[in-house]
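Understanding the architecture of this molecule
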Amino acid sequence: MKYFLPYLCLIFFVPLTADTKLTSEIIYVTGRQFNDLWITRINNTDNTRPLLKIENDDFHGIEHLSVQRNGHLIAISVRDWGIHPFEHEGYLIDTTEVPAKPRKLTHNRVEDVYDIDISPNGDVVFVNSLIHVRDPLPKRGIYFIPYRELKKASPKITLLKEVHATNVAWSPDGEQIAYDTAEGVFIFNIRTERTIHISKIGSMPVFSPDGKKLAFSSDRLHDFVRIADEIRIVSLHNLRTWRTIKGLQKHSWFLGLKWSPNGKYIVYEISGMDNRGLSVDYIIAVPLNGGVPEKILDDMPNFVYIFDWSSSAYAVEPENRLATLWGKLKTANTK
């Protein structure tokens with residue numbers, strides 16, 4: 001999490017090359033309290049504009065952001081002082097509403113909501129970290145809210161898998177969930193309920209836009225800080241390493257990992273210190289064709305705290321919509 005970082009970020013400007021393929025629209029978090037959502041195009045920041053400013057004294061920053069690809073929903077995890085100090089709540093934003101404003105999803109029913117992700121179909125999955133203890137104690141695991149529940153005042157939440165997961169991500173077809181634990185990286189199929197152990201090490205797994213590969217960071221803890229040594233990409237066809245990205249920029253904290261919507265870049269975010277001891281955040285795009293990595297989003301009118309793509313280069317649909325698959329799920333899954 002990045003809420004402990006100083007608000008001042010110093011960045012170096014390295015322009016994107018003229019033939020870059022990074023052309024997608026993004027939504028990002030900025031502002032003094034990390035409560036402002038802005039929208040821009042990654043290849044043309046001249047039209048950068050505010051999307052939503054969250055006016056809520058209880059909010060102390062958006063920690064995790066997930067935008068529905070080619071849709072109008074945004075799922076966020078927020079430090080909400082209105083519940084308990086240092087506790088996170090899940091919220092949903094519908095950008096078609098006027099005015100658009102965050103609406104609670106979890107209502108403190110599963111303790112501390114950590115990572116959260118929304119599928120192209122609009123289904124939400126999240127993990128909780130159980131920072132606080134209460135009675136009865138909710139189970140720690142991967143939780144699911146189907147799209148059809150999102151408009152309800154208190155959406156139904158189902159525990160898909162009881163596990164100490166930290167990060168979670170949907171596959172493009174909305175049938176699989178990648179997650180990480182202290183034992184490595186896994187994929188869980190919500191239809192078959194089958195779990196595959198992808199790697200014994202690694203974190204922050206993310207599916208490629210076509211759903212055929214999985215990328216994750218191979219990292220280690222150094223003085224309680226997570227440092228990434230490399231990024232591995234595994235083919236989901238044969239579970240073999242397809243590519244390894246080495247020589248990551250030196251950093252003091254590894255913050256995030258994404259594919260570009262066209263699948264041609266791996267984008268990672270890191271934090272470090274400059275020679276004056278100030279916090280510096282970098283977002284690095286690594287071309288998978290072997291080109292030179294580039295710093296991106298550093299010519300913005302305001303700094304980028306976290307971001308997500310709002311469009312997709314692929315139109316991937318599951319064989320059956322999750323509205324049908326949902327009926328096959330157990331209402332109380334404690335595997």
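For the structure, see preceding data.
What this report covers is the structure whose coordinates are included nearby. (Residues numbered from 1 in each chain as written. Predicted model: local features only at pLDDT ≥ 70, side-chain atom pairs only at ≥ 80, totals over all residues. Heavy atoms only, no water.)

Details of the side chain of Asp123
With respect to the helices, strands and loops of the structure, Asp123 is situated in the loop between β8 (113–118) and β9 (124–128). Overall, the relative accessible area of 3% leaves Asp123 in the buried class. A polar atom in the side chain of Asp123 sits 2.8 Å from the backbone nitrogen of Tyr147. (Helix = DSSP H or I, 4+ residues; strand = E, 2+ residues; numbered from the N terminus. Buried < 20%, exposed > 50% of the residue type's maximum accessible area, 1.4 Å probe, protein only. Polar contact = N/O pair within 3.5 Å; in protein donor to acceptor, adjacent residues only side chain to side chain.)

Some words on the nonpolar core
Among the nonpolar cores identified, the biggest contains 19 residues, and Ile231, Ile245, Phe254, Leu257, Ile266 and Tyr268 are the most heavily contacted of them. Secondary-structure elements contributing two or more residues to this core are β16 (203–207), β18 (225–235), β20 (253–259), β21 (265–273) and β22 (279–287). Among the elements that line this core, the one with the most residues is β22, at four residues. Those residues within four positions of Ile245 in sequence are excluded, and the remaining contacts are Glu230, Ile231, Ile233, Ile266, Val286 and Leu288. Among the nonpolar cores identified, the runner-up in size contains 18 residues, and Phe34, Leu37, Val67 and Tyr305 belong to it. (Core = buried A, V, L, I, M, F, W, Y, C linked by side-chain atoms within 4.5 Å. Contact = heavy atoms within 4.5 Å.)

So, the pattern of salt bridges
Opposite charge on two side chains lets them pair, provided their charged atoms get close. Applying the stated criterion across every chain, the model contains five salt bridges. Put simply, Arg69 and Asp308 hold a salt bridge, and the shortest N to O gap is 3.2 Å. Linking Arg69 in the loop between β4 (59–67) and β5 (73–80) with Asp308 in strand β24 (residues 306–309), this pair joins segments that are 239 residues apart in sequence. The class for Arg69 is partly exposed, based on a relative accessible area of 26%. We classify Asp308 as buried; its relative accessible area is 5%. Two residues, Lys246 and Glu230, come together in a salt bridge whose shortest N-O distance is 2.7 Å. Of this pair, Lys246 sits in the loop between β19 (241–245) and β20 while Glu230 sits in strand β18, and the two are 16 residues apart along the sequence. (Salt bridge = Lys/Arg side-chain N within 4 Å of Asp/Glu carboxyl O.)

Side note on the packing of aromatic side chains
On inspection of all chains with the given rule, the structure shows seven aromatic pairs. An angle of 15° between the planes, with centres 4.0 Å apart, marks the rings of Phe34 and Tyr305 as stacked. One end of the pair, Phe34, is in the loop between β1 (25–30) and β2 (36–41); the other, Tyr305, is in the loop between β23 (294–295) and β24, and 271 residues separate them in sequence. Residue Phe34 shares its accessibility class with Tyr305, and that shared class is buried. Taking the centre distance of 5.9 Å and the plane angle of 15° together, the rings of Phe254 and Tyr268 count as stacked. Linking Phe254 in strand β20 with Tyr268 in strand β21, this pair joins segments that are 14 residues apart in sequence. The two residues Phe254 and Tyr268 agree in class, both being buried. Stacked on the ring of Trp242, the Lys or Arg Lys213 has its end atom at 4.6 Å from the ring centre. It is Lys295 that lies over the ring of Tyr282; its NZ or CZ is 5.3 Å from the centre. (Phe/Tyr/Trp six-rings, centres within 6.5 Å; stacked < 30°, edge-to-face > 60°. Lys NZ or Arg CZ within 6 Å of the ring centre and 35° of its normal.)

Some points on the sheet that holds strand β14 (residues 184–189)
The strand order β12-β13-β14-β15 describes an open sheet built from four strands, whose pairing is antiparallel. Either end of the sheet is taken by a strand with one partner, and the two such strands are β12 (168–170) and β15 (195–199). On average, adjacent strands in this sheet sit at an angle of 25° to one another, irrespective of strand direction. (Pairing = 2+ DSSP bridges. Axes fitted to C-alpha atoms, helices over the stretch in contact; angles between N-to-C directions.)

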